[in-house]
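# Per-entry structural report
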Amino acid sequence: QVQLVESGGGLVQGGGSLRLSCAASGRTSRRYTIGWFRQATGKEREFVAAIRWSGVRTNYADSVKGRFTISRDITKKSMYLQMNSLKPEDTAVYYCAADRRDTNDYASLLSYDLWGRGTQVTVSS
């Protein structure tokens, strides 16, 4: 059974950086899309970034383009979200998720059938 576990969250000042990690246990496939989503208090969960497990394609929400970078290490079965130039509005619980059905709709919550429990990111002003 595949599981996803996030780590790397914390408290950082505005303008600072954090690197989130998502470790997968169990069997994975190059056809998977792995995504990062976030949910701020009182708001809906939103798409942040996604990457094909093969690494061929990456996608970003407009709000994080140029500041966040998604990557993966197949040998470690891990995915990363490097977050630079953080803003208070980036404060949220960040979740990694896997689309194992190859839906090709990387920004939709409904495409992802496996979720981690999340890691809190707090950016102070």
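Here, every reference points to the structure presented above.
This structure is a prediction, so every number in the text was calculated from the model and none was measured.

The next thing to look at is the sheet that holds strand 1 (residues 3-7). The strands making up a sheet associate through hydrogen bonds between their backbones, and the pairing can be parallel or antiparallel. Here four strands make up an open sheet; going across it, the order is 1-3-8-7 and the pairing antiparallel. Looking at strand neighbours, the two that pair on one side only are strand 1 and strand 7 (68-73), the edges of this open sheet. Put simply, the sheet's adjacent strands are angled 15 degrees from each other on average, direction ignored.

The next subject is the state of the cysteines. Overall, the coordinates contain one disulfide when judged by the stated rule. Each sulfur in the disulfide pair C22 and C96 lies 2.0 Å from the other. Judged by the torsion about the S-S bond (60 degrees), the C22/C96 disulfide is right-handed. One end of the pair, C22, is in strand 3 (residues 18-25); the other, C96, is in strand 9 (residues 92-99), and 74 residues separate them in sequence. With relative accessibility at 0%, the residue C96 sits in the buried group.

Moving on: the packing of aromatic side chains. Evaluated as defined, the whole model comprises six aromatic pairs. Seen in terms of ring centroids, F37 and W115 are 5.1 Å apart; in terms of plane orientation they differ by 55 degrees. Their pairing is tilted. Here the residue F37 occupies a position in strand 4 (residues 33-39), and W115 occupies one in strand 10 (residues 114-115), the gap between them amounting to 78 residues. A centroid spacing of 5.4 Å and a plane angle of 55 degrees characterise the contact between F47 and Y106, whose relative ring orientation is tilted. Taken together, the residues span a long stretch of sequence, with F47 in strand 5 (residues 46-52) and Y106 in the loop between strand 9 and strand 10 at a distance of 59 residues. Each residue in the set F37, F47, Y95, Y106, Y112 and W115 is aromatic and connected to the rest through ring pairs, giving one cluster. The ring of W115 has R45 lying over it, and the distance from NZ or CZ to the ring centre is 5.0 Å.

Within the chain, K77 stands out as a residue other than glycine whose phi angle is a positive 50 degrees. Mapping K77 onto the fold places it in the loop between strand 7 and strand 8 (78-83). In the Ramachandran plot, S85 falls in the positive-phi region, its phi being about 50 degrees despite a non-glycine side chain. Of note, S85 is situated in the loop between strand 8 and strand 9. For S85, a relative accessible area of 40% translates into the label partly exposed.

Here strand 8 lies mainly inside the structure; five of its six residues are buried. Pairing of strand 3 with strand 8, which is carried by six bridges, proceeds in the antiparallel orientation. Bridge pairing in strand 8 links R19 to Q82. In terms of strand pairing, strand 7 meets strand 8 through six bridges, oriented antiparallel. What sits directly across from T69, in strand 8, is Q82. Hairpin connection between strand 7 and strand 8: a loop of four residues separates the two successive antiparallel strands, and K77 in this loop has a positive phi of roughly 50 degrees.

Rules of the game
Residues numbered from 1 in each chain as written. Predicted model: local features only at pLDDT ≥ 70, side-chain atom pairs only at ≥ 80, totals over all residues. Heavy atoms only, no water. Pairing = 2+ DSSP bridges. Helix = DSSP H or I, 4+ residues; strand = E, 2+ residues; numbered from the N terminus. Axes fitted to C-alpha atoms, helices over the stretch in contact; angles between N-to-C directions. Disulfide = S-S within 2.5 Å. Buried < 20%, exposed > 50% of the residue type's maximum accessible area, 1.4 Å probe, protein only. Phe/Tyr/Trp six-rings, centres within 6.5 Å; stacked < 30°, edge-to-face > 60°. Lys NZ or Arg CZ within 6 Å of the ring centre and 35° of its normal.

Interpretation note: all reported values are geometric properties and have no functional meaning in isolation.
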